[in-house]
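Summary of the model geometry
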Amino acid sequence: VALAKEAGSRRVYAEALTALAAQSGTLGNTFEAIGNLNEALIIQQQLDDVGGQITTLNNLAALYGFAGDVRKAIGAYDQLLPSVRKIGQRQVEGAVLVNLGHSHELLSEYQVALNDYKQALSIFRRLGDQRIIGLALSSMGVIYEVLNDTQRALDCYQEALPLRREIGRAHV
């Protein structure tokens, strides 16, 4: 990191911070990793490095979630979503929406979670990703169950079950 900083390339320095964050996270130094990623993100934003920002925000969201700070994870996912949409990465957009749905579900924000899962479901239906379609439907089923909407929960589970069986995960 020090060499990258001395070399004067801000992009290389941001990449070094990201690599250091990965090492720190692997070693269990979550907050050090978050600090490095936040510093890298500032540089990437200044350089308009969209690809770097996507990677960094995704890593930040995961680390915040791991640290139990679901609100900050949601904040990182919310920042990430426009960048992913801007460059048309539909698969990543759908994955971010599933993660957002799960995060909102953890906070008992069920209507918001349903909206996230529905958006993800729409994307993955277009992409034909049966695994994530089954996951999104199962997740929606759980929320409908919590909301006492038994028929919608059952409909989601019935649609998810054959997809999940197909990939070897029959439990919904």
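Structure shown above.
Residues take numbers from 1 onward in each chain, read along the sequence in its written order. pLDDT decides what is reported in this predicted model: residues at 70 or higher carry local features, side-chain atom pairs at 80 or more are listed and counted, and totals for whole chains, interfaces and linings draw on all residues regardless. Only heavy atoms go into the side-chain values, all of them from the structure, while hydrogens and water stay out.

Turning next to the pattern of salt bridges. Each reported salt bridge corresponds to a side-chain nitrogen of Lys or Arg within 4 Å of a carboxyl oxygen of Asp or Glu. As enumerated under the stated definition, the model contains 6 salt bridges in all. Arg11 is the partner of Asp49 in a salt bridge, and the nearest nitrogen-oxygen pair spans 3.2 Å. In this pair, Asp49 sits in the loop between α3 (30-46) and α4 (50-66) while Arg11 sits in helix α2 (residues 10-26), placing the two residues 38 residues apart along the sequence. Each residue is placed in one exposure class: buried if its accessible area under a 1.4 Å probe, protein chains only, is under 20% of its type's maximum, exposed if it is over 50%, and partly exposed if it falls in between. Residue Arg11 is classed as partly exposed on the basis of its relative accessible area of 39%. Between Glu159 and Arg125 there is a salt bridge whose closest N-O contact spans 2.8 Å. One end of the pair, Glu159, is in helix α9 (residues 150-166); the other, Arg125, is in helix α7 (residues 110-127), and 34 residues separate them in sequence. With relative accessibility at 35%, the residue Glu159 sits in the partly exposed group. The network of salt bridges with shared partners includes Arg85, Arg90 and Glu93. The helix and strand labels rest on DSSP assignments: H or I over at least four residues marks a helix, E over at least two residues marks a strand, and numbering proceeds from the N terminus.

A few words on the packing of helix α5 (residues 70-86) against helix α6 (residues 90-106). Helix axes are fitted to C-alpha atoms over the stretch in contact, other axes to C-alpha atoms as well, and angles between N-to-C directions run from 0 to 180 degrees. Running from N to C, α5 and α6 point in directions that differ by 160 degrees, and their axes come no closer than 10 Å. One finds that α5 runs roughly antiparallel with respect to α6. Judged by the twist between their axes, the crossing of α5 over α6 is left-handed. Each of Val70, Ile74, Tyr77, Asp78, Leu80, Leu81, Val84 and Arg85 in α5 lies in contact with α6, whose residues at this interface are Val92, Glu93, Val96, Leu97, Asn99, Leu100, Ser103, His104 and Leu106. Throughout, the term roughly parallel applies to angles under 35 degrees, roughly antiparallel to angles over 145, roughly perpendicular to angles from 65 to 115, and oblique to all others. By definition, any crossing whose near helix is turned counterclockwise from its far helix by less than a right angle is left-handed, and any crossing with a clockwise turn is right-handed. Contacts are residue-level and defined by heavy atoms, with any inter-residue pair within 4.5 Å sufficient.

Here α3 crosses α4 at 155 degrees, and the two axes come no closer than 9 Å. Viewed along their axes, α3 and α4 adopt a mutual orientation that is roughly antiparallel. Taken as a pair, α3 and α4 cross one another with a handedness that is left-handed. Side by side, α3 and α4 meet where Thr30, Ala33, Ile34, Leu37, Asn38, Leu41, Gln44 and Gln45 of the first sit next to Gly52, Gln53, Thr56, Leu57, Asn59, Leu60, Leu63, Tyr64 and Phe66 of the second. Classes in brief: Ala, Val, Leu, Ile, Met, Phe, Trp, Tyr, Cys and Pro nonpolar; Asp, Glu, Lys and Arg charged; the others, Gly included, polar. Grouping the constituent residues of the contact of α3 with α4 by class yields 9 nonpolar, 8 polar and no charged.

Attention now moves to α5. Owing to its 3.6 residues per turn, the α-helix brings residues three or four apart onto one side. With 17 residues, α5 extends 25 Å from end C-alpha to end C-alpha; this agrees with the ideal 24 Å at 1.5 Å per step. Within α5 the residues assigned to the buried category are Val70, Ala73, Ile74, Ala76, Tyr77, Leu80, Leu81, Ser83 and Val84. Structurally, α5 contributes buried residues whose contacts are with α4 and α6. With its phi angle positive at about 75 degrees, Gly88 sits one or two positions after the end of α5. Helix span, as expected, comes to 1.5 Å for every residue beyond the first.

The analysis is restricted to geometry; functional conclusions fall outside its scope.
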